[in-house]
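Listed below, chain by chain, are the residues.
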Amino acid sequence: MNKLPPKPKPVKSLTKNDFMKMDKNELIDKIMQLKVHNTQLKNVISKSLSDTNSVEEQISSKKFDFSKCHYRRVLLRIMYFGWDYRGLAVQEDSTQTIEHHLFYALTKSCLIESRETSQYHRCGRTDKGVSAFGQIISITLRSKFEPSEQDLEKSLNTEMPYCKILNRLLPKEIRVVAWMPIPQDKPEFSARFDCKKRQYKYYFPRSALNIAAMRDACAQLVGSHDFRHLCKMDVGNGVTEFRREILRADILPVDEDSDDSTCMYMLLIEGNAFLWHQIRCIMGVLLLVGEGRESPKVVADLLDIDTYPCKPQYNMALDVPLNLFHCSYDLPERWVHDRAELRSVIAHVQAQWTLVGIKAIMMKDTLKQLQDVYKNLPREDCQNETKDNNSTKEGGSINTYTDCLLQGVKPRVYTPLLKRETCSSLEDRIEYYKKKRKIGDSENQ
């Protein structure tokens, strides 16, 4: 019977003191052992990389031949919860963007060869933390059918299952909901440049806000105005025209059955196009109006650039509640839905809603208990008792649900918007960037 090899003794990690006790020859031996060990590791890693490269070479030798494919121009309707992403657009220093994952799925599935050849356009460039239910992109995808057959009803129903293919490769927060063929007589149709109307929603709890005053302020937004004081001016990227048309702006309840402080409302706003951070700046001002810190008339004042040529300094609203909800086009509605895949998407979102909803209910239940304790505390037994009329309702309930929606530190003493320090004027910003470019050009010569 063969004897088993002796069980190797565990290698003891040497400490600094152990090395200090060694003589010169022992240290040399230890260094030589480490050199041999490093050489062995390098050989193992080299062999592993060689095996990987050979596999990649085999895959590349079977590279997909796009020259033999048919193509069609389509719109894709994409839904995503952007709370944990750094925005829609691809960024050089991060892979945590919607477009990074979208183009990974598009190329991995061989629906496109590359972004550069796909004729890609997006309807709205959402920023960090912003979500979308109705983000639309236009793109050229691989098709099962020749161009002459692509508009037939049977071809639409039996086309490649674009939604299903992409959703199997996308993260759980990103889903393709439907696709629509772009008419062949509109080969240059663009999701961005041909969009007629964009609708956004910004969600918030009622809390102690004056909803009627916020609605009065919203009414002043409708129409064509210069919104330079209600956006973040992007002069550095060549944006010097700030006139936009708002088609609709209103404050509406999300759930009409509830009437407590946690009842959810939304700013519903529609326009043909929006400026950088325009909606979050508008919402920041509306929250001040709802808190009673500003009059609804402040919106009209901020739109009066002749009387107030410089933007006052204020904080815009948080990014998380903003949602690009719908985009409209002058095209016949021919959205193609895969019923089974749509069912899967609904079940997927329901699961996410359940987990988030349970957390919200747990917090609401805890808040109720804490509020009850707070209301029943005798004032003489309370330490550091202060009265804040903006956060405490009659009866002692704390009502600060919307405080977190305004970014920045809340000041102890409120300064009205029109009496605050102002930012540089548009003309000063344009002049600044002109000088900056001249200095850059002279340094490059």
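Residue numbers restart at each chain and count upward from 1, following the sequence in its written direction. Local features in a predicted model are, by the rule used here, given only for residues with pLDDT of at least 70; side-chain atom pairs are given and counted only at 80 or more, and totals for whole chains, interfaces and linings are based on all residues. Values reported for side chains reflect all heavy atoms of the structure, with hydrogen atoms and water molecules removed beforehand.

Novice: Help me get a handle on helix 6 (residues 211-219), residues and values and all.
Specialist: Of the residues making up helix 6, those classed as buried are Ile211, Ala213, Met214, Ala217 and Cys218. Viewed end-on, helix 6 has its buried residues packed into an arc of 160°, placing them on one side of the element. Here, two residues are considered to be in contact whenever any of their heavy atoms come within 4.5 Å of each other. Labels follow the DSSP assignment, with helices taken as runs of H or I lasting at least four residues and strands as runs of E lasting at least two, numbered in each case from the N terminus. In this structure, the buried residues of helix 6 make contact with strand 5 (197-205), strand 7 (243-253), strand 8 (264-271), helix 7 (278-290) and helix 8 (298-303). Of the residues flanking the start of helix 6, the one acting as N-cap is Asn210, its side-chain oxygen 3.2 Å from the backbone nitrogen of Ala212. Each residue's exposure class comes from its accessible area (1.4 Å probe, protein chains only) as a fraction of the maximum for that residue type: buried when under 20%, exposed when over 50%, partly exposed otherwise. By definition, the arc is the one covered by directions from the helix axis to the C-beta atoms. Any pair of N or O atoms that falls within 3.5 Å is considered a polar contact. Within protein, one atom must be able to donate a hydrogen and the other to accept it, and sequence-neighbouring residues count only if both atoms are side-chain atoms.

Novice: Let's hear about the packing of helix 6 against helix 7: which residues, and what values?
Specialist: Two elements in contact, helix 6 and helix 7, have axes whose closest approach is 8 Å; the angle formed by their N-to-C orientations is 140°. Comparing their axes, helix 7 and helix 6 come out oblique. Handedness of the helix 6/helix 7 crossing: right-handed. Touching Ala213, Met214, Ala217 and Cys218 of helix 6 are Met283, Leu286, Leu287, Val289 and Gly290, all from helix 7. Looking at the contact of helix 6 with helix 7 residue by residue, the classes come out as eight nonpolar, one polar and no charged. For every element, the axis is a line fit to its C-alpha atoms; helices are fit only across the contacting stretch, and the angle between N-to-C directions ranges from 0 to 180 degrees. Working rule for angles: under 35 degrees goes down as roughly parallel, over 145 as roughly antiparallel, 65 to 115 as roughly perpendicular, anything else as oblique. Whether a crossing is left-handed or right-handed is set by the direction in which the near helix is turned from the far one by less than a right angle, anticlockwise for left-handed and clockwise for right-handed. Gly counts as polar in this scheme, as do all residues outside two lists: the nonpolar Ala, Val, Leu, Ile, Met, Phe, Trp, Tyr, Cys and Pro, and the charged Asp, Glu, Lys and Arg.

Novice: Provide a residue-level description of the packing of aromatic side chains, including the pertinent values.
Specialist: Think of it this way: a Phe, Tyr or Trp ring, Trp meaning its six-membered ring, pairs with another when their centres are within 6.5 Å, and the plane angle makes it stacked under 30 degrees, edge-to-face over 60, tilted otherwise. Overall, the coordinates contain nine aromatic pairs when judged by the stated rule. Cation placement over rings: the criterion is NZ of Lys or CZ of Arg within 6 Å of the ring centroid and within 35° of the ring normal. It is Lys201 that lies over the ring of Phe325; its NZ or CZ is 3.6 Å from the centre. The ring of Tyr314 has Lys311 lying over it, and the distance from NZ or CZ to the ring centre is 5.2 Å.

Novice: Would you mind going over a nonpolar patch on the surface in detail, with residue names and values included?
Specialist: By definition, no residue in a patch forms a salt bridge, and every one has over 30% relative accessible area; like charges are joined within 9 Å, nonpolar side chains (Val, Leu, Ile, Met, Phe, Trp, Tyr) within 5 Å. With residues, only the protein chains shown are counted as cover, and all accessible areas are computed by Shrake-Rupley using a 1.4 Å probe. Salt bridges are counted wherever a side-chain nitrogen of Lys or Arg sits within 4 Å of a carboxyl oxygen of Asp or Glu. There is a patch of nonpolar side chains on the surface, built from Leu14, Phe19 and Leu27 and spanning about 210 Å² of accessible area. Within the secondary structure layout, Leu27 lies in helix 2 (residues 24-61).

Novice: I'd like a description of unusual backbone geometry, backed by residues and values.
Specialist: Residue Gln119 is not a glycine yet carries a positive backbone phi of 55°. As for its position among the elements, Gln119 is in the loop between helix 3 (98-108) and strand 2 (121-122). For Gln119, a relative accessible area of 39% puts it in the partly exposed group. Not every positive phi belongs to a glycine, and His277 is a case in point at roughly 60°. Structurally, the position occupied by His277 is in the loop between strand 8 and helix 7.

Novice: A description of the pairing of strand 5 should follow, citing residues and the corresponding values.
Specialist: The element strand 5 is largely enclosed, with a buried count of seven among its nine residues. Relative to strand 9 (residues 322-328), strand 5 runs antiparallel, the two being bridged by six bridges. Considered in strand 9, the bridge of Lys201 is made with Asn323. Here strand 5 runs beside strand 8; their pairing, made up of eight bridges, is antiparallel. Between any two strands, at least two bridges found by DSSP are needed for them to pair.

That is the geometry; function is a separate question.
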